[in-house]
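Chain and residue survey
Chain by chain, the residues:
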There are 2 protein chains.
Amino acid sequence: MEPIAQPAQGIENGDCPGLAYDVFARSCPSRGTLEHVTGRWGALTLGALHDGSFRFNELRRRVDGVSEKMLSQTLHALERDGLVHRDAQATNPPRVDYSLTPLGRDVAERLLTLIRFVEGRMDEVLVARERYDGARA
Amino acid sequence: MEPIAQPAQGIENGDCPGLAYDVFARSCPSRGTLEHVTGRWGALTLGALHDGSFRFNELRRRVDGVSEKMLSQTLHALERDGLVHRDAQATNPPRVDYSLTPLGRDVAERLLTLIRFVEGRMDEVLVARERYDGARA
DNA sequence: CGGTATCCTATTAGATACTG
DNA sequence: CAGTATCTAATAGGATACCG
């Protein structure tokens, strides 16, 4: 099994230079967690789970485009960081439900504030892109 | 024809299926912008610029660990999305100042709310990790 | 100073096949 | 259903050299 996304240089388990955790310092473990939270699939997975509890394949459909492998990897990383709760029932067929922990909910809320803001301003972004691209052509 | 594996550029310029921009839809351009904002270097660069205006190499020192190449690439993407303003003076030696646009400031604020929250809860995350790793050993 | 260009490696991601 | 294993392709990232 592939290891849960860990930056190669031991960033994830590094120490923080100062008194508090500082993502701007390259060896701070908060940088690794921030990457799990804001990463391509981490952000969308947390966002999807903010709506409730979902099974693996339900989640896969909600996070449009994610592969089994990446969803699995993402969920493991978020579970390890204490943001996602995994409830597995040993029935046949198996049933596994994923939900946010209280900490995960707090993170997802702040993340969704950002996501919704970006979505709401996409028109401006698209205009800016046209201006940028036009100036270079 | 639906390209199964869409490169980042394809996603970036894709159309949205519904009425609003929805990052959960794989072809929505908002997903690309969200990735610029929350990406490894994008998030840290926006966060650094929230403190004010900085020159290229000042920024490089603030975003600990970023290479010239990645900072350059990140700044271009954020400038294109209308989040960063680039002020180049044709002096010798050249002087270029980077700052946030009003839209970039709004994005950075919401991003920093998330970053600071994660930093402030790292102790809990680290405890969760130990529990997770311990249960598997 | 503020970058670009090039080359090369590491990491990520996807497709596919398979299992309890 | 809920994944894991394996292989391969695409992308991100780093090192170095160079330029206006």
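Here the structure is shown first, and the text comes after it.
These numbers come from a predicted model, not from an experiment.

Thoughts on the pairing of strand β3 (residues 95-100) of chain B
Residues and elements named next belong to chain B. Taking burial as the measure, the six residues of β3 include five buried ones, the bulk of the element. Of the pairings in the sheet, the one linking strand β1 (residues 54-55) to β3 comprises two bridges and is antiparallel in character. Within β3, the residue paired with Phe54 across the bridge is Tyr98. Alignment of strand β2 (residues 84-89) against β3, held across six bridges, turns out to be antiparallel. Opposite Asp87, over in β3, you have Asp97 as the bridge partner. Hairpin connection from β2 to β3: five residues lie between these consecutive antiparallel strands.

Remarks on the protein's contact with DNA strand D
Lining the immediate environment of DNA strand D, one finds 21 residues, of which Arg55(A), Ser72(A), Arg86(A), Tyr98(A) and Lys69(B) sit closest. Considering the 4 Å shell around the protein, atoms of DNA strand D inside it are sugar or phosphate in 60% of instances. Here a phosphate oxygen of DNA strand D and a side-chain polar atom of Tyr98(A) are 2.5 Å apart. Among the elements of the structure, α3 (56-62), α4 (68-80) and β3 (95-100) of chain A together with α3 (40-49) and α5 (68-80) of chain B are those that each provide at least two residues to the surface near DNA strand D. Here the surface near DNA strand D takes four residues from α4(A), the largest share from any one element. Each residue belonging to the surface near DNA strand D can be placed in one class, and the counts come to nine nonpolar, four polar and eight charged.

Brief notes about the pattern of salt bridges
For side chains bearing opposite charge, pairing can occur when the charged atoms are close. Taken as a whole and judged by the stated rule, the model has 18 salt bridges over all chains. In this structure, the salt-bridge partner of Asp133(A) is Arg80(B), at a minimum N-O distance of 2.6 Å. Of this pair, Asp133(A) sits in helix α6 (residues 122-135) while Arg80(B) sits in helix α5, which puts the two residues in different chains. Looking at Arg80(B), the relative accessible area reads 16%, which means it is buried. A salt bridge links Glu68(B) to Arg60(B), with the nearest nitrogen and oxygen atoms 3.5 Å apart. Assessed through its relative accessible area of 29%, Arg60(B) is described here as partly exposed. Via salt bridges that share partners, Asp106(A), Arg121(B) and Glu124(B) belong to a single interconnected network.

Observations regarding the interface of chain B and chain A
A common way to state how big an interface is: give the accessible area lost once the parts meet. Listed by partner, the interface residues are 52 residues for chain B and 53 residues for chain A. Here chain B and chain A share an interface that buries about 5,100 Å² over both sides, 64% of which is from carbon and sulfur atoms. Close ionic contact of Asp106(B) with Arg121(A) constitutes a salt bridge, the shortest N to O distance being 3.6 Å. Counting every contact that joins chain B to chain A gives 21 residue pairs in polar contact (both at pLDDT 80 or more). Residue assignment for the side of chain B that touches chain A shows that the elements contributing at least two residues are α1 (8-12), α2 (29-38), α3, α5, α6 (102-120) and α7 (122-135) of chain B. For the side of chain B that touches chain A, the leading source of residues is α6(B), giving eleven residues.

So, how was this worked out
Starting from 1, residues in each chain are numbered consecutively following that chain's sequence as written. Starting at A for chains and at 1 for ligands, labels are handed out in the order in which the entities are written. The predicted nature of this model means local features are confined to residues of pLDDT at least 70 and side-chain atom pairs, given and counted, to a pLDDT of 80 or more, with totals for whole chains, interfaces and linings taken over all residues. To get the side-chain values, take all heavy atoms of the structure and skip hydrogens and water. Burial classification: accessible surface area is computed with a 1.4 Å probe over protein chains only, and a residue below 20% of its type maximum counts as buried, one above 50% as exposed, and the rest as partly exposed. Labels follow the DSSP assignment, with helices taken as runs of H or I lasting at least four residues and strands as runs of E lasting at least two, numbered in each case from the N terminus. Whether two strands pair comes down to DSSP finding at least two bridges between them. If even one non-hydrogen atom of a residue comes within 4 Å of a molecule or strand, that residue is called near it. For this analysis, a polar contact is any N or O atom pair within 3.5 Å, provided that within protein one partner can donate a hydrogen and the other can accept it, and provided that sequence-adjacent residues contribute only side-chain to side-chain pairs. Each residue receives one of three labels: charged for Asp, Glu, Lys and Arg, nonpolar for Ala, Val, Leu, Ile, Met, Phe, Trp, Tyr, Cys and Pro, and polar for the others, Gly being one of them. A carboxyl oxygen of Asp or Glu within 4 Å of a side-chain nitrogen of Lys or Arg is what we treat as a salt bridge. Contact between two residues is taken to exist if any of their heavy atoms lie within 4.5 Å; hydrogens are not considered. Buried surface area refers to the total accessible area, computed with a probe of radius 1.4 Å, that the two partners give up upon joining, counted for both partners together.

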